[in-house]
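Survey of secondary and tertiary structure
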Amino acid sequence: MAVSEYMSFPISIITFIIKYGVNLFIKIASIVFFILEGHSVHAQKGTLIEFGWDYPDVSQLSTNLPSMQKTPFDGIVFSLQRKITDAFDTSLLKPAYFEPDKINHLKWGKYKSNFMWLWGFATSGGSWFDDRAWQNICINMINLSKALASPGIKGVLFDPEYYYEDQLFNPWTYNKKQYPTQSFTELQAEVKKRGSQFIVALQTHKPNLTFLSIWITSLVAVEKKTMPLEETRHALLLSFIEGILEAKHSGVKVIDGNEFAYYYSNPSQFLETKNILKKCLVDLMQTDKAKSEALKVGIAQPLYYDGLLGISPSFNRGFSNAAKWKWVEENTKFAMAATDDITWFYSERVNWWKGAVNDTLFDILANNKKAQATNLPIKSNITIADKLQARTLNVNMGEGYYYLYDTAKPMKTGNLAFNYRFNKSVKELSIKFINQLPDSVSIFLNNTLFATVIPNTLLTSISLDDFKKGKLVVLAKYAGGTEASAIEIYK
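Report on the accompanying structure. (Residues numbered from 1 in each chain as written. Predicted model: local features only at pLDDT ≥ 70, side-chain atom pairs only at ≥ 80, totals over all residues. Heavy atoms only, no water.)

**Side note on the overall build of the chain**
In terms of helices and strands, the chain carries 15 helices and 18 strands. Summed over all atoms, the accessible surface of the chain reaches about 20000 Å², with 55% contributed by carbon and sulfur. (Helix = DSSP H or I, 4+ residues; strand = E, 2+ residues; numbered from the N terminus. Areas by Shrake-Rupley, 256 points an atom, 1.4 Å probe, with all protein chains shown as cover.)

**Here we look at the side chain of Glu 483**
With respect to the secondary-structure elements, Glu 483 resides in strand E18 (residues 483-490). Lys 477 provides the closest opposite charge to the buried, salt-bridge-free Glu 483, at an N-O distance of 4.8 Å. At a separation of 2.6 Å, a polar atom in the side chain of Glu 483 contacts the side chain of Ser 268. Ignoring anything within four residues of it in the chain, the contact list for Glu 483 reads Asn 266, Pro 267, Ser 268, Tyr 401, Tyr 402, Tyr 403, Leu 475, Ala 476, Lys 477 and Tyr 478. (Buried < 20%, exposed > 50% of the residue type's maximum accessible area, 1.4 Å probe, protein only. Lys, Arg positive; Asp, Glu negative; His and termini not counted. Salt bridge = Lys/Arg side-chain N within 4 Å of Asp/Glu carboxyl O. Polar contact = N/O pair within 3.5 Å; in protein donor to acceptor, adjacent residues only side chain to side chain. Contact = heavy atoms within 4.5 Å.)

**Some words on the nonpolar core**
Grouped together as the largest cluster of nonpolar side chains are 117 residues, with contacts concentrated most on Phe 88, Trp 128, Leu 144, Phe 158, Phe 198, Phe 240 and Leu 361. A total of eight residues in this core trace back to one element, the largest contributor, which is helix H9 (residues 235-247). Setting aside its immediate chain neighbours within four residues, Phe 158 contacts Ala 87, Phe 88, Leu 118, Gly 120, Trp 172, Phe 198, Phe 211, Leu 212, Ser 213, Ile 214, Leu 237 and Phe 240. In this structure, Phe 418, Tyr 420, Leu 429 and Leu 472 belong to the second largest nonpolar core, which totals 21 residues. (Core = buried A, V, L, I, M, F, W, Y, C linked by side-chain atoms within 4.5 Å.)

**With respect to the packing of aromatic side chains**
Applying the stated criterion across every chain, the model contains 46 aromatic pairs. Here Arg 82 stacks its cationic end above the ring of Tyr 55, 4.1 Å away from the centre of that ring. (Phe/Tyr/Trp six-rings, centres within 6.5 Å; stacked < 30°, edge-to-face > 60°. Lys NZ or Arg CZ within 6 Å of the ring centre and 35° of its normal.)

**Considerations on the packing of helix H6 (residues 131-148) against helix H7 (residues 184-202)**
Closest axis-to-axis distance for the H6/H7 pair is 7 Å, and the angle between their directions is 30°. When the axes of H6 and H7 are compared, the pair comes out roughly parallel. Contacts between H6 and H7 pair Asp 131, Trp 134, Ile 137, Cys 138, Met 141, Ile 142, Leu 144, Ser 145 and Leu 148 from the former with Lys 193, Arg 194, Gln 197, Phe 198, Ala 201 and Leu 202 from the latter. Grouping the amino acids of the contact of H6 with H7 by side-chain chemistry returns 10 nonpolar, two polar and three charged. (Axes fitted to C-alpha atoms, helices over the stretch in contact; angles between N-to-C directions. Parallel < 35°, antiparallel > 145°, perpendicular 65-115°, else oblique. Nonpolar A, V, L, I, M, F, W, Y, C, P; charged D, E, K, R; others polar.)

**Some details on helix H14 (residues 321-338)**
With 18 residues, H14 extends 26 Å between its outermost C-alpha atoms, agreeing within 8% with the 26 Å of an ideal straight helix rising 1.5 Å per residue. Of all the 18 residues making up H14, 15 are buried; the element is thus mostly covered by neighbouring parts of the structure. (Expected span 1.5 Å × (residues − 1).)

**Details of the pattern of salt bridges**
This model, assessed by the stated rule, comprises 16 salt bridges. The partner of Glu 272 in a salt bridge is Lys 477, with the nearest N and O atoms 2.8 Å apart. Of this pair, Glu 272 sits in the loop between helix H10 (267-271) and helix H11 (273-284) while Lys 477 sits in strand E17 (residues 470-477), and the two are 205 residues apart along the sequence. Of the residues examined, Glu 272 reaches a relative accessible area of 11% and is grouped as buried. Taken together, the shared-partner salt bridges connect Asp 131, Glu 190, Lys 193 and Arg 194 into one network.

**Overview of the pairing of strand E4 (residues 114-119)**
For E4, the buried fraction is high: six of the six residues fall into the buried class. Of the two faces of E4, the one carrying Asn 114, Met 116 and Leu 118 and the one carrying Phe 115, Trp 117 and Trp 119 are both buried. Bridge count between strand E2 (residues 75-78) and E4: two bridges; the pairing is parallel. Pairing of Phe 78 across the sheet is with Met 116, part of E4. Both strand E3 (residues 85-86) and E4 contribute to a ladder of two bridges, which runs parallel. Pairing of Asp 86 across the sheet is with Trp 119, part of E4. In this sheet, strand E5 (residues 153-159) lies alongside E4 in parallel orientation, the contact comprising six bridges. Across the sheet, Leu 118 pairs through a bridge with Phe 158, a residue of E5. (Pairing = 2+ DSSP bridges.)

**Section: the environment of Gly 155**
With respect to the helices and strands, the residue Gly 155 is situated in strand E5. Taking the C-alpha atoms as reference points, Gly 155 and Thr 210, 55 residues apart in sequence, are found 4.7 Å from one another. Once residues lying within four places of it in the same chain are set aside, the contact partners of Gly 155 are Asn 114, Phe 115, Met 116, Leu 148, Leu 209 and Thr 210.

**Regarding H9**
The buried fraction of H9 amounts to 12 of the 13 residues, a majority that puts the element mostly inside the structure. Every buried residue of H9 is accounted for by Ala 235, Leu 236, Leu 237, Leu 238, Ser 239, Phe 240, Ile 241, Glu 242, Gly 243, Ile 244, Leu 245 and Glu 246.

**A short note on unusual backbone geometry**
Residues other than glycine seldom take positive phi values, yet Asn 258 does so here, at roughly 50°. Along the polypeptide, Asn 258 turns up in the loop between strand E7 (253-256) and H10. A positive phi angle is found at Asp 465, which is not glycine, with a value near 50°. Secondary-structure assignment places Asp 465 in the loop between strand E16 (459-463) and E17. Take Asp 465: its relative accessible area is 38%, and that puts it in the partly exposed class.

**Describing the packing of H7 against H9**
Helix-helix packing is described using two parameters, namely the angle between the two axes and the distance between the axes. In the contact formed by H7 and H9, the axes pass within 7 Å of each other and the chain directions differ by 45°. As the angle between them shows, H7 and H9 are arranged oblique. In this structure, H7 meets H9 at a crossing whose hand is right-handed. Where H7 approaches H9, its residues Phe 184, Leu 187, Gln 188, Val 191, Lys 192, Arg 194, Gly 195, Ser 196, Phe 198, Ile 199 and Val 200 are matched on the opposing element by Ala 235, Leu 236, Ser 239, Phe 240, Glu 242, Gly 243, Ile 244, Glu 246 and Ala 247. Within the contact of H7 with H9, the residues separate by chemical class into 11 nonpolar, five polar and four charged. (Left-handed = near helix turned anticlockwise from the far one by under 90°.)

What follows is the structure, given as structure tokens:
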């Protein structure tokens, strides 16, 4: 299923309510949530974290944290004892394995958003019906919670993608070979119970834990279009997440890492993700409480260095080097614009801690991070100036540019598509399109869809109600899949 097709269906609160038939309380909660968030005046924080094959363990952090301060990151994903911990390991690990004393003595510096890498599987499977195994799993998670209690750690990065060869031990799939005597419904109930036990243990010493799962609903949503839920690769992950949502402390934050975005190639795919994933999660939860909590789940966005630059031949799409770097730059800009907070940079062949980093990559990340943090005008060393900046005048003006990879078409990436003028005193946004009228224009305020209009003239005006500061994104869609956009932050 093409990513563009996955991201194409419309977002509408009314359609959402009618189609999904959530009870009155959830309907009202949904409306209030989207309205309040859509009119929020707070800009997103723009946290950038590093996650990859160069992950350090606690001992390496003790040695290298001072030199790591030079990177553009706000946090890092790390391991214990140079081994990624299997969440469902049924062996009882010694408390010392989790290195709480070493972690408490780490000098994190500017790194304020750090996560321990936790694989969401084990060589023995999920052991869903084994009470003794789950007693050990929960003890391990309680001991891990003690280590996570360090103020320098936000929580865990939970990676549920199954990497072992024997698919019989994939905890998230269901078939009769795996479970000859249990129905899918019976298994869902058991997995949900274990999800509740898991988060209760993990939050024991960390009541403000952040649980960042790099997959939750996106893959299921795509596969569900062609197969029953129980045949999807992450069918049981939904039940596990439901258990987590029902049993977690109010201070525990659950985030969908949206790994599906690795190969996004249009601004709309990033910008529309939040509403789509949240709607999917609410729909796929079975209880009222889980649906209510699903509305609070955050959305993060990834950047996949190896895939975008075609480092491996299997990733290469035939783009020129300039086009590849443009893809990295544009995806960085839109991932950071569309996240609720966290953008995670994933790589397999970059080592930030040994200086093996391309200068262009460093500049792209640093420039976009600076734009998010300081809201100052920035320039890239390979493209036109970004328009992500703070404005102080009452009437602000900016430009929007095309984003298209097919350079044989006339509307090329980087060409001017429209000018815009935002008059804060009358709360009106005016857009003047250059020659080409788009099919539609969507306005996002602080990462939430505010309005979609269909312009009939090259000059279009849109009322932004009480919007005065925060993040404004203008997205124009044209025939043939071309898009143009502008991003601006108002202080």
